[in-house]
Amino acid sequence: MHDPRIGVDLGGTKIEAAALDAQGRVTHRRRTATPAGSYAATLGAIVELVRAVEAELGARAAVGIATPGARSLVDGRMKNANSTCLNGQPLKEDLERALGREIRMANDANCFALSEAIDGAGRGARSVFGVIIGTGVGGGIVVDGRVLTGENGAATEWSHTTLPFLSPGEHAPYACFCKRADCIESFTSGRALIAWYRALGGDDADGTAIGSRAAAGGDAAAGRAFALYEEALARALASVVNMIDPRAIVLGGGVSNNPRIFENVPKLWERWTVPKDLRTKLVRAAHGDASGVRGAALLW
Ligand SMILES: [Zn+2]
């Protein structure tokens, strides 16, 4: 472990930087809007944030960065980032040059999983699968306190594989950007919940509101949309159990704010898991929006 550590969360709309103390507590925090569409301006914004936090700390820090997409292990360039100005750019090398030090970098879902595994909802579990269910869906695997990055930097691409156990004629409620028909994200994102609700006669409520209406009862479309959502999530997570059989699955992101998911999904997933009477626990993330900066700092 290094001290002090700064984590940077590079998001599509904002960039956040935070310093962590030796106990893993966030001590200094700064954020700025992500410069839209400009790689050079994005680099500059990250460097400026790190320097500002270091000025407050009065010390030089070890820096970790959570990014969308992944860094190619072949040529070091970014790929699959929804902030498309990053794609094809050697972000890690450029930041190391600008900051004058080695930095560490990981996908944002991996940073989320790491933050929750080290001292969040997955604390004490040897193997943790972390999933962010928001506008998009991303997963990350942590075993013995370390992120499993994979040989192709693709260990988080689970969400862009076809939802398992599809019934004949069953399709996702919308088409994902990945263009793989019926991928897990297109069934389990907040967008999926919204699309189902509208298709069932609901209004243009967001995912959080649909979840609240489903929990309150009295709105049949919300109840049905949420049931479809839970069933799809149970199948997606059953495939994770059948593959890596983690001790804890931690859910974060907007849709995870509905407590009924944690009650219902574990009742559903054993229909598709090969092992039964699962010891795997499904838990809600402990660190909320801070998971990106925390996980990035914890790369050191
Ligand atoms: Zn997809």
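Residues numbered from 1 in each chain as written. Predicted model: local features only at pLDDT ≥ 70, side-chain atom pairs only at ≥ 80, totals over all residues. Heavy atoms only, no water.

Caption draft 1: Region of interest: the overall build of the protein chain. Scanning the protein chain for helices and strands turns up nine helices and 12 strands. The C-alpha radius of gyration computed for the protein chain amounts to 19 Å, which stays within 12% of the reference 19 Å derived for 300 residues, consistent with globular compactness. When the backbone C-alpha atoms are referred to their principal axes, the protein chain occupies close to 55 × 40 × 40 Å. Counting across all 300 residues of the protein chain, residues that qualify as buried make up 53%. Of all intrachain contacts in the protein chain linking residues separated by at least 6 positions in sequence, the fraction that spans at least 24 positions is 60%. Of the roughly 13,300 Å² of accessible surface on the protein chain, a fraction of 50% belongs to carbon and sulfur atoms. The distance from the centre of the 34 positive side-chain charges to the centre of the 32 negative ones in the protein chain is 2 Å. (Helix = DSSP H or I, 4+ residues; strand = E, 2+ residues; numbered from the N terminus. Rg over C-alpha atoms; globule rule 2.2 N^0.38 Å. Buried < 20%, exposed > 50% of the residue type's maximum accessible area, 1.4 Å probe, protein only. Contact = heavy atoms within 4.5 Å. Areas by Shrake-Rupley, 256 points an atom, 1.4 Å probe, with all protein chains shown as cover. Lys, Arg positive; Asp, Glu negative; His and termini not counted. Charge placed at Lys NZ, Arg CZ, Asp CG, Glu CD.)

Caption draft 2: Region of the structure containing the coordination of the zinc ion. Around the zinc ion, the protein contributes the donor atoms His160 (ND1), Cys176 (SG), Cys178 (SG) and Cys183 (SG), which lie 2.1 to 2.5 Å from the metal centre. Here the zinc ion is ringed by four donor atoms whose angles at the metal span 104 to 119 degrees, and the overall shape comes out tetrahedral. Between consecutive donors of the zinc ion, the numbers of intervening residues give the motif H-x15-C-x1-C-x4-C. Taken as a pair, histidine 160 in the loop between strand 10 (146-147) and helix 4 (185-188) and cysteine 178 in the loop between strand 10 and helix 4 lie far apart in primary sequence, 18 residues in all. (Donors = N, O, S within 2.8 Å, 3.2 Å for Na, K, Ca; no water. Tetrahedral: all angles 85-135°; square planar, octahedral: opposite > 155°, others 65-115°.)

Caption draft 3: A look at helix 1 (residues 39-57). With 19 residues, helix 1 should reach 27 Å at 1.5 Å per residue; the first-to-last C-alpha distance of 27 Å fits that figure. All of the buried residues in helix 1 are Tyr39, Thr42, Leu43, Ala45, Ile46, Val47, Leu49, Val50, Ala52, Val53 and Glu54. Packing partners of the buried residues in helix 1 comprise strand 1 (5-10), strand 2 (14-20), strand 3 (26-33), strand 4 (62-67) and helix 2 (91-99). The residue sitting at the N-terminus of helix 1 and contributing the capping side-chain oxygen is serine 38; that oxygen lies 3.1 Å from the backbone nitrogen of alanine 41. At the C-terminal side of helix 1, glycine 58 shows a positive phi close to 70 degrees. (Expected span 1.5 Å × (residues − 1). Polar contact = N/O pair within 3.5 Å; in protein donor to acceptor, adjacent residues only side chain to side chain.)

Caption draft 4: Region of the structure containing the packing of aromatic side chains. As enumerated under the stated definition, the model contains four aromatic pairs in all. Between the aromatic rings of phenylalanine 226 and tyrosine 229, the centroid separation amounts to 5.9 Å while the plane-to-plane angle is 35 degrees, which identifies the pairing as tilted. A residue pair is termed a helical-turn pair when its members lie 3 or 4 positions apart in one helix, as phenylalanine 226 and tyrosine 229 do in helix 7 (residues 220-244) at three residues. Taking the relative accessible area as the measure of exposure, tyrosine 229 reaches 0% and is therefore buried. Lying across the ring of tryptophan 300, arginine 104 places its NZ or CZ 3.8 Å from the centre. (Phe/Tyr/Trp six-rings, centres within 6.5 Å; stacked < 30°, edge-to-face > 60°. Lys NZ or Arg CZ within 6 Å of the ring centre and 35° of its normal.)

Caption draft 5: View of the sheet that holds strand 11 (residues 248-252). Spatial ordering of the open sheet is given by 10-9-8-11-12, a layout of five strands whose pairing is mixed. Lying at the two open borders of the sheet, with one neighbouring strand each, are strand 10 and strand 12 (281-284). Alignment of strand 8 (residues 127-133) against strand 11, held across five bridges, turns out to be parallel. What sits directly across from glycine 130, in strand 11, is valine 250. Its contacts with the sheet put helix 7 on strand 8, strand 9 (137-143), strand 11 and strand 12, and the angle it makes with strand 8 is roughly 150 degrees. (Pairing = 2+ DSSP bridges. Axes fitted to C-alpha atoms, helices over the stretch in contact; angles between N-to-C directions.)

Caption draft 6: How the structure looks around helix 7. Here helix 7 contains 25 residues, and its C-alpha end-to-end distance of 36 Å stays within 8% of the 36 Å for a straight helix at 1.5 Å per residue. At the N-terminal end of helix 7, a side-chain oxygen is found 3.2 Å from the backbone nitrogen of alanine 221, two or three residues along, and the residue is aspartate 219.

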